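Architecture and fold: a report
Listed below are the residues making up each chain.
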Amino acid sequence: MSFSDRDRAILDFERKWWTLPGPKELAIREHLGLSATRYYKALNELLESPDAAAYDPLVIRRLRLNRDRRRRARYEGPASGRPQIR
């Protein structure tokens, strides 16, 4: 997989999307010209790219941790790894 300008734009967007007004899906369409589905597909592919990890290691690490937490919660239940609040 080659690392393209679009890949850089996706990682740059992921680093700062929360500072933009409105919903993320709308910002994806406006700033990148992609549907949310295509954006997330491309983003998930970037998580496995060594070039993406070299370009922005902090964003890639954060996204991998979030992905792993969601995956663990799906298989172990919603309270996996978190203390129970009563």
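The text that follows walks through the structure, step by step, so that each part is easy to find. (Residues numbered from 1 in each chain as written. Predicted model: local features only at pLDDT ≥ 70, side-chain atom pairs only at ≥ 80, totals over all residues. Heavy atoms only, no water.)

Brief notes about the nonpolar core
Put simply, the test is: What is meant by a nonpolar core is a set of buried Ala, Val, Leu, Ile, Met, Phe, Trp, Tyr and Cys residues, joined one to another through side-chain atoms within 4.5 Å. Throughout this description, buried means an accessible area under 20% of the type-specific maximum (1.4 Å probe, protein chains only), exposed means over 50%, and partly exposed covers the range between. Helix numbers and strand numbers start at the N terminus; a helix is a DSSP run of H or I with at least 4 residues, a strand a run of E with at least 2. Working rule for contacts: check all heavy atoms of both residues, and any pair within 4.5 Å makes them a contact.
In terms of nonpolar packing, the biggest core is built from 17 residues, with Ile10, Leu11, Phe13, Tyr39, Leu43, Leu46 and Ala52 touching the most fellow members. No other element matches helix H3 (residues 36-46), which puts 4 residues into this core. Apart from the residues lying within four places of it in its own chain, the contact partners of Ile10 are Leu32, Leu34, Tyr39, Ala42, Leu43 and Leu46.

Some remarks on H3
Think of an α-helix as 3.6 residues a turn; residues three or four steps apart then line up on the same face. Short version of the rule: Picture the helix axis, draw a direction to every C-beta atom, and the arc is the one those directions span.
What H3 keeps buried is the set Tyr39, Ala42, Leu43 and Leu46. Projected onto a plane normal to the axis of H3, the buried residues spread over an arc of 100 degrees and lie on a single side. Counted as exposed and oriented over 90 degrees from the buried face of H3: Thr37 and Lys41. Looking at the packing, one finds that the buried side of H3 touches helix H1 (5-16), helix H2 (24-32), helix H4 (50-55) and helix H5 (57-76).

Considerations on the side chain of Arg67
Condition: Under the rule applied, a polar contact is a pair of N or O atoms within 3.5 Å (in protein, one hydrogen donor and one hydrogen acceptor; residues adjacent in sequence only if both atoms are side-chain atoms).
Tracing the sequence through the fold places Arg67 in helix H5. Look at Arg67 and you get buried, because its relative accessible area is 17%. Here Asp68 takes part through its side chain, which lies 3.5 Å from a polar atom of the side chain of Arg67. Here Arg67 is in contact with Leu47 and Glu48, once residues within four sequence places are set aside.

What about the environment of Leu58?
Topologically, Leu58 is positioned in helix H5. Owing to a relative accessible area of 70%, Leu58 belongs among the exposed residues under this scheme. In sequence terms Leu58 and Arg15 are 43 residues apart; their C-alpha atoms lie 9.0 Å from each other.

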